[in-house]
Amino acid sequence: MKNLDDKFPSISDLAAAAKRRIPHFAWEYLDSGTTADAAMTANRAALDRIRLVPRVLKGEQEPDLGTTLFGQRYAAPIGMAPVGMTGVMWPGAELMLADTARRGGVPYCLSTVAAKTPEQVGPVAGDMGWFQLYPPRSHDLMRDVLSRAWNSGMKVLVLTVDIPRPSRRERQRRAGLSIQAGVSRQMLSHVARRPAWALATLRHGNATLATIAKYAGTQDLAGVRKYFVNEFSHNPSLAYLEALRAEWKGALVVKGVLHPEDALIAERAGADAVWLSNHGGRQFDAAPAAITALRPVVQALGGRLPVLFDSGIRYGGDIARAIALGADFCFAGRPFLYGVAAAGQAGADQALHILTDDLRNSMAQFGAQTLADLRRPGAILMEA
């Protein structure tokens, strides 16, 4: 990816190019939080306050980014988080991300509400494919979705638990995009200004919630959305998690945890890991910055379960910060979508390159040969 390093040296450069290349409503869906975007802003500010004190005179070192999770070896401790309606950001984005993940040796987690199905994405992702579940109300429906994911090669299931109801997403609404709305004149005017995106959409077809469409009986986005809200959008209970655990034979991750006691509840229900996240600041604007909740959750679990982390990662140094605070693995959503929207497959590759190369550099600057070395005692300073 050295040929793109001058053009896109950072994730923010990919984001700027993406904004110029995709319709305004797609940009607002991707880049916004909710309410005043305070939680999203807090994620970044809190990460910046974490300082890692380097050690010197270590001699020649070549940092090793490799790590093992659920018995699977990964090339780096960073994966692609699930993002709904990925194909709106760039048509066919799910397949590009899955391809980058497979070649890069990192996980790609397909969302229940992506624009491609597990059957389409699984073969592309190979053994790097994960599946994120928005919980169906019907257990028969849940079993069928699980079967589709498993048969597509996705052996890690991620249950999202931090959406008791849809958030308001005011920036999306101002751009003409809401869960209830169809295609508006406002959206069509945005598309007219982005011909490359429009042509890509013609090739792939209009984005819909492709996994859900099988059950909704229609490909029409408005009809599929209505079905999703009625049949998939609900707040799962502890009993639901226990039933899911009984059905799923692979690794089960509970995503959206911020409180230590919720992490312990997930552990008692049989989860194989917890995923600490405030949904990238997109759900509850009064939620704490996710990184500030990481250490208490790690301490509560005491190393018995892996702790995964997302929300706010834009640099490899952010991955180093999270691992130093006890995370076992990190995920990012927006950075990879910025990459795809900016430059297609090459942009997805570049986003992964930026994050892993910067992590490698951060480890070298810090004096860490391995990821475990990032947890050196006394190395973390928390600025006020």
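As a reminder, the structure under discussion sits directly above these lines.
Residue numbers run consecutively from 1 along every chain, following the written order of its sequence. The model is predicted, so local features are restricted to residues of pLDDT at least 70 and side-chain atom pairs to those at 80 or more, both for listing and for counting; the totals for chains, interfaces and linings are taken over all residues. The side-chain quantities take in all heavy atoms of the structure and omit both hydrogens and water.

Focus on the overall build of the protein chain
Stage number 1. Each helix and strand in the protein chain was counted, giving 18 helices and 12 strands.
Stage number 2. Whereas a compact globule of 384 residues would reach a radius of gyration of roughly 21 Å, the protein chain reaches 20 Å, a difference of no more than 12%.
Stage number 3. Note on classification: 1.4 Å probe, protein chains only; a residue is buried when its accessible area is under 20% of the maximum for its type, exposed when over 50%, partly exposed between these limits. Going through the 384 residues of the protein chain one by one, you find that 58% of them count as buried.
Stage number 4. For every accessible area listed, the method is Shrake-Rupley and the probe measures 1.4 Å; residues are considered covered only by the protein chains on display. Summed over its atoms, the accessible surface of the protein chain is roughly 15,700 Å², and 53% of this surface lies on carbon and sulfur atoms.
Stage number 5. Charge separation in the protein chain, taken as the distance between the mean sites of 44 positive and 35 negative side-chain charges, equals 5 Å. Numbering of helices and strands runs from the N terminus, with a helix taken as a DSSP run of H or I at least four residues long and a strand as a DSSP run of E at least two residues long. All radius of gyration figures rest on C-alpha atoms, and the globule criterion is 2.2 Å times the number of residues raised to 0.38. In this count, Lys and Arg are taken as positive residues and Asp and Glu as negative ones, while His and the chain termini are left out. Charge placement uses NZ in Lys and CZ in Arg. For Asp and Glu, CG and CD serve respectively.

A look at helix H3 (residues 24–31)
Stage number 1. Counting buried residues along H3, 7 of its 8 residues qualify, which places the element largely inside the surrounding structure.
Stage number 2. Restricting attention to buried positions, one finds in H3 the residues Phe25, Ala26, Trp27, Glu28, Tyr29, Leu30 and Asp31.

Points about the packing of helix H17 (residues 316–324) against helix H18 (residues 334–366)
Stage number 1. Whenever a helix is involved, its axis is fitted only over the stretch in contact; in every case the axis is a line through C-alpha atoms, and angles between N-to-C directions fall within 0 to 180 degrees. Closest axis-to-axis distance for the H17/H18 pair is 7 Å, and the angle between their directions is 60°. Overall, the two elements H17 and H18 adopt an arrangement that is oblique. For the pair H17 and H18, the crossing hand works out as right-handed. Within the contact between the two elements, H17 uses Gly316, Gly317, Ile319 and Ala320 and H18 uses Leu355, Asp358, Leu359 and Ser362.
Stage number 2. Gly falls in the polar group here, along with every residue not listed as nonpolar (Ala, Val, Leu, Ile, Met, Phe, Trp, Tyr, Cys, Pro) or charged (Asp, Glu, Lys, Arg). Considered class by class, the residues forming the contact of H17 with H18 number 4 nonpolar, 3 polar and 1 charged. Roughly parallel means an angle under 35 degrees; roughly antiparallel, over 145; roughly perpendicular, 65 to 115; everything else is oblique. Each helix crossing is assigned a hand: it is left-handed if the near helix lies turned anticlockwise from the far helix by less than a right angle, otherwise right-handed if that turn is clockwise. For this analysis, residues touch if any pair of their heavy atoms sits within 4.5 Å.

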